[in-house]
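Remarks on the overall topology
If you want the building blocks of each chain, they are given just below.
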Amino acid sequence: ISKSEDDYYGIKWSPDGKWLTGISAKSNQIFSIPLNGAAPAQLTKVASGVGYFAWSPDGKRLAFTSPENEPKSLTNRKAQSGNFTIVGEMPALNCLWTVEVDQASMNPTAAVQRTRDISVSGFMAPFSWSPDGSKIAFSGVSNTKKTDLTPDIYSLTLADGSIKQLVSLHGRDRDPQWSSDGEQIIFTSDMGRKGLEAYNYELAIVDASGGAPYSVSAKFDGHPRLIEWNKVGIYFWAREKTACHIFRLDPVSRETTRVPTPEGLYGGGFSFSIDGKKMAFTGPSATSVGELYFFDL
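First, a word on scope: everything that follows refers to the structure included in this document. (Residues numbered from 1 in each chain as written. Predicted model: local features only at pLDDT ≥ 70, side-chain atom pairs only at ≥ 80, totals over all residues. Heavy atoms only, no water.)

Our next topic: the side chain of Ser 142. Position of Ser 142 among the secondary structure elements: in strand 11 (residues 135-142). Overall, the relative accessible area of 14% leaves Ser 142 in the buried class. Apart from residues no more than four positions distant in its own chain, Ser 142 is found in contact with Asp 117, Ile 118 and Tyr 154. (Helix = DSSP H or I, 4+ residues; strand = E, 2+ residues; numbered from the N terminus. Buried < 20%, exposed > 50% of the residue type's maximum accessible area, 1.4 Å probe, protein only. Contact = heavy atoms within 4.5 Å.)

Now for the nonpolar core. By size, the foremost hydrophobic cluster in this structure holds 15 residues, and its most contacted members are Ile 30, Val 50, Phe 53, Leu 62 and Phe 64. Elements supplying a minimum of two residues to this core: strand 5 (53-55), strand 6 (61-67), strand 7 (94-100) and helix 2 (101-106). Ranked by the residues each element gives to this core, the list is headed by strand 7, at three residues. The contact partners of Ile 30, leaving out residues within four places of it in the chain, are Thr 21, Gly 22, Ile 23, Ala 41, Gln 42, Leu 43, Thr 44, Val 50, Phe 53, Leu 62 and Phe 64. (Core = buried A, V, L, I, M, F, W, Y, C linked by side-chain atoms within 4.5 Å.)

Our focus in this paragraph is the pattern of salt bridges. Across all of its chains, the model carries six salt bridges by this definition. With a shortest N-O distance of 3.0 Å, Glu 202 and Arg 193 are connected by a salt bridge. Note that Glu 240 is salt-bridged to Arg 258, the shortest N-O span being 3.6 Å. Highlighted residues: Glu 240 in strand 19 (residues 234-240) and Arg 258 in strand 21 (residues 256-258), separated in sequence by 18 residues. Its relative accessible area of 35% is what places Glu 240 among the partly exposed residues. Residues participating in the shared-partner salt-bridge network are Glu 240, Arg 258 and Glu 263. (Salt bridge = Lys/Arg side-chain N within 4 Å of Asp/Glu carboxyl O.)

Here is the structure:
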């Protein structure tokens, strides 16, 4: 569908399904990719490129991560002496930005920096939009932390720019995702464990307004990696011996069932239909190359 000589990755549909967006391999900027074969249009123009991005539910905004603009003194130092790192010097924070899509299509420089004192970080997806598009939940490390430099969970209210810390457990709390009703947030957590036990992470839930988080995957013997929480249930993938399978978790009973996909696959790139009833994914096996699979849940 695209005649561009560039390559694009992180491809996502626009919420109305009329076009695609992706990150350019040449410039690390977000481009819109029309379905009619027209040339892609640049939507962002940030100095350090885009790391991860996601559409707002109404399709009017894009949010993305990118390092903050470096101070002029550092730019001058690089120009004069080359790029080097000073031990103990605070690196540039990875910040959250938003663009109005209509405005960005005409002026790709019009991005708004939403975070300044927190470095946004995660394993799979460091932030997500609330269903009504009014807030963004994200994981990140505050630059006020002196020890335990691991991410916590925060909520950004777009109307006034306020940021509220929702989770501050010891260890890594990351990759938040909203429930379909916007009342709760699920995330991956070490659940406050320390040492080697911290590698046994779980899926935890916290109220969108804050409070005590609790694990919903403690019964599962494995390392769950969150895919999506939709109206049907909480879906995650996990390894079983040399295969990778998909599981559905009931947030009320906290019971887990494996989705009956083909045996022996190492699935990835999971994507759900908007109603949560259908799923597509890719999967090679020990005896086959990667294929595209479609599954009716």
